[in-house]
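The residues making up each chain are set out below.
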Amino acid sequence: MPSIFTRIIKKEIPCEKILEDERYFAFLDIRPINPGHCLVIPKQEVDYLFDLEDEPLAGLSVFAKKIARAIKKAIPCERVGVLVAGLEVPHAHIHLVPIQGEGDLVFSRATAASQDELRIVGEKIRRAMES
């Protein structure tokens, strides 16, 4: 059975897409820790991040870097934190979270975002990628 992330890639489940290429996909988390919290995934369905071969893993990092830079431009934050937990969905993924400090990187801070909130934040991040 495909993971929820594979279903998002296939457009079976809607998302606020930030960026996509032939191998990777980035979209906003519907329960963000902070506004701008983005998930970056390989299109290849692999359960555990470190089960990816070296080249796709390195490519995922380079792809995530583009997103992190755009988040930093678009969302007021000290840094863009990186979180790899990997337990909530059986599909390799990286969380990029705008933070003011390390204490921000906890899932207990996450709250549901409305579609309008996601759309507005997504537009800001996509515009930041263009500049």
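Structure first, text after, so check above.
Here is what the cut-offs are and how they apply
Residues numbered from 1 in each chain as written. Predicted model: local features only at pLDDT ≥ 70, side-chain atom pairs only at ≥ 80, totals over all residues. Heavy atoms only, no water. Pairing = 2+ DSSP bridges. Helix = DSSP H or I, 4+ residues; strand = E, 2+ residues; numbered from the N terminus. Axes fitted to C-alpha atoms, helices over the stretch in contact; angles between N-to-C directions. Contact = heavy atoms within 4.5 Å. Expected span 1.5 Å × (residues − 1). Buried < 20%, exposed > 50% of the residue type's maximum accessible area, 1.4 Å probe, protein only. Arc of directions from axis to C-beta.

1. Side note on the sheet that holds strand 1 (residues 17-20)
One key point about sheets: their strands pair by backbone hydrogen bonds, in either a parallel or an antiparallel sense. The antiparallel open sheet is built from five strands, whose spatial order is 1-2-3-5-4. Each edge of the open sheet is held by one strand with a lone partner, namely strand 1 and strand 4 (79-83). Adjacent strand axes in the sheet meet at a mean angle of 20 degrees when their direction is disregarded. When strand 1 meets strand 2 (residues 24-28), the two strands line up antiparallel, connected through three bridges. Across the sheet, residue Lys17 finds its bridge partner in strand 2, namely Phe27. Along the sheet, helix 3 (residues 115-130) makes contact with strand 1 and strand 2, crossing strand 1 at roughly 35 degrees.

2. Brief notes about helix 3
Because an α-helix completes one turn every 3.6 residues, residues spaced three or four positions apart along the sequence face the same direction. With 16 residues, helix 3 extends 23 Å from end C-alpha to end C-alpha; this agrees with the ideal 22 Å at 1.5 Å per step. Of all the residues in helix 3, the buried ones are Leu118, Val121, Gly122, Ile125 and Ala128. Here the buried residues of helix 3 occupy an arc of 125 degrees about the axis, which is enough to place them on one side. With respect to the buried face of helix 3, the exposed residues turned more than 90 degrees away are Gln115 and Glu130. The secondary structure elements touched by the buried residues of helix 3 are strand 1, strand 2 and helix 2 (54-74).

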